[in-house]
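A closer look at the structure
Spelled out, the chains give:
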Amino acid sequence: MIRAIAVAVVLFCATSATAQDISISEAYIPLAPPGVRAHAAYLTLSNTGSENRSLIGVTAQGYGMAHLHQSMEMNGVAAMSALHQLEIAAGQTVALTPGGLHIMLMQPAPSQVVGASVPLTLHFANGKDITTQATVTQRDGGS
Ligand SMILES: [Cu+2]
């Protein structure tokens, strides 16, 4: 009986140590048109913890570089700028979607197929990294 309780306590501790206060969902990468040097990844970040978190960088497996970007319109022309830090306040959800925030993937690996997954590692200001799998999806005509 005592042994059973000890095991339960150990399991509980292991679970809470690995629990993340950031959850990532809907990570995807629209298939890049052939020959492009950069394309985008999108995902949704939810901060389920009680502290504000700050995303400060991204690493994408198979790419030379990955940066946080913000799309905008300047004088009617679509443009984008680098974002050094993305705040996700406690309890907030921030969606990276086409036309807004995105992860710019640069220097892609030569071949990519629909359905493949690309590991994205998100770096946070508190020193924590979270790796998620982004699925390569069919490109829809609009974006
Ligand atoms: Cu961009």
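In this numbering scheme, every chain counts its residues from 1 along its sequence in written order. Reporting of local features is limited, given that this is a predicted model, to residues whose pLDDT is at least 70; pairs of side-chain atoms are given and counted only at 80 or more, and all residues count toward the totals for whole chains, interfaces and linings. Calculation of side-chain values draws on the structure's entire complement of heavy atoms; hydrogens and water are dropped beforehand.

Some points on the overall build of the protein chain
Looking only at helices and strands, the protein chain features one helix and ten strands. Helix and strand labels come from DSSP, where a helix needs a run of H or I of at least four residues and a strand needs a run of E of at least two; each type is numbered from the N terminus. Mapped from its N terminus to its C terminus, the protein chain presents α and β elements in the order α-β-β-β-β-β-β-β-β-β-β. Each residue gets one of three labels from its accessible area relative to the maximum for its type: buried under 20%, exposed over 50%, partly exposed in between, using a 1.4 Å probe on protein chains only. The buried share of the protein chain, reckoned over its 143 residues, is 32%. Reported accessibility uses the Shrake-Rupley method at a 1.4 Å probe radius. Residues are deemed covered only where the shown protein chains occlude them. Surface exposure of the protein chain reaches about 8,500 Å², of which carbon and sulfur atoms provide 58%.

As for the environment of Ala40
Assignment of secondary structure puts Ala40 in strand S2 (residues 38-47). With 62 residues separating them in the primary sequence, Ala40 and His102 have C-alpha atoms 6.2 Å apart. Here Ala40 is in contact with Ile29, Pro30, His102, Ile103, Met104 and Leu105, once residues within four sequence places are set aside. Contacts: residue pairs with any heavy atoms within 4.5 Å of one another.

Focus on the packing of aromatic side chains
Aromatic contacts are taken between Phe, Tyr and Trp rings whose centres are within 6.5 Å, Trp giving its six-membered ring; a plane angle under 30 degrees counts as stacked, one over 60 as edge-to-face, and the others as tilted. The tally for this structure, following the rule as stated, stands at one aromatic pair. Aromatic side chains Tyr28 and Tyr42 sit 5.4 Å apart centroid to centroid with 40 degrees between the ring planes, which places their arrangement in the tilted category. In this pair, Tyr28 is assigned in strand S1 (residues 22-30) and Tyr42 in strand S2, connecting sequence segments 14 residues apart. A relative accessible area of 10% means that Tyr42 is categorised as buried. Here, over-ring charges are defined by two tests on the NZ atom of lysine or the CZ atom of arginine: distance to the ring centre within 6 Å, and angle to the ring normal within 35 degrees. The ring of Phe124 carries Arg53 above its face, with NZ or CZ at 4.9 Å from the centroid.

What to know about the side chain of Thr132
Secondary-structure assignment places Thr132 in strand S10 (residues 129-137). By relative accessible area, which is 13% here, Thr132 ends up buried. Contact partners of Thr132, with chain neighbours within four places excluded, come to Ile24, Ala27, Leu43, Val118, Pro119 and Leu120.

Overview of the coordination of the copper ion
Coordinating donors are taken to be N, O and S atoms lying within 2.8 Å of the metal, or within 3.2 Å when the metal is Na, K or Ca; because water is excluded from the atom set, some sites may appear incomplete. The protein atoms that coordinate the copper ion are His69 (ND1), Met80 (SD), His102 (NE2) and Met104 (SD), at distances of 2.0 to 2.2 Å. Around the copper ion sit four donor atoms; with metal-centred angles ranging over 97 to 119 degrees, the donor geometry is tetrahedral. Taken in chain order, the donor set of the copper ion reads H-x10-M-x21-H-x1-M. In this pair, His69 sits in strand S4 (residues 63-74) while His102 sits in strand S8 (residues 101-108), placing the two residues 33 residues apart along the sequence. Geometry is assigned from donor-metal-donor angles: four donors are tetrahedral when every angle falls between 85 and 135 degrees, four are square planar and six octahedral when opposite donors sit over 155 degrees apart with all other angles between 65 and 115, and any other arrangement is irregular.

Digging into the pairing of strand S5 (residues 77-82)
Paired strands, in this sense, are two strands between which DSSP finds at least two bridges. Bridge analysis of S4 against S5 gives six bridges, and the strand direction is antiparallel. When the sheet's bridge partners are listed, His69 is paired in S5 with Ala82. What sits between the antiparallel neighbours S4 and S5 is a turn of two residues, in which Asn75 has the positive phi angle 55 degrees.

Some thoughts on the nonpolar core
Put simply, a nonpolar core is a bunch of buried Ala, Val, Leu, Ile, Met, Phe, Trp, Tyr and Cys residues held in one set by side-chain atoms that sit within 4.5 Å of each other. In terms of nonpolar packing, the biggest core is built from 27 residues, with Leu43, Leu45, Leu96, Ile103, Leu105, Leu120 and Leu122 touching the most fellow members. For this core, the elements supplying multiple residues, two or more each, are S1, S2, strand S3 (53-60), S4, strand S6 (86-88), S8, strand S9 (117-124) and S10. Aside from chain neighbours lying at most four places away, what touches Ile103 is His39, Ala40, Ala41, Leu43, Val58, Ala66, His67, Leu68, Leu96, Leu120 and Leu122.

So yeah, pure geometry; function would need other evidence.
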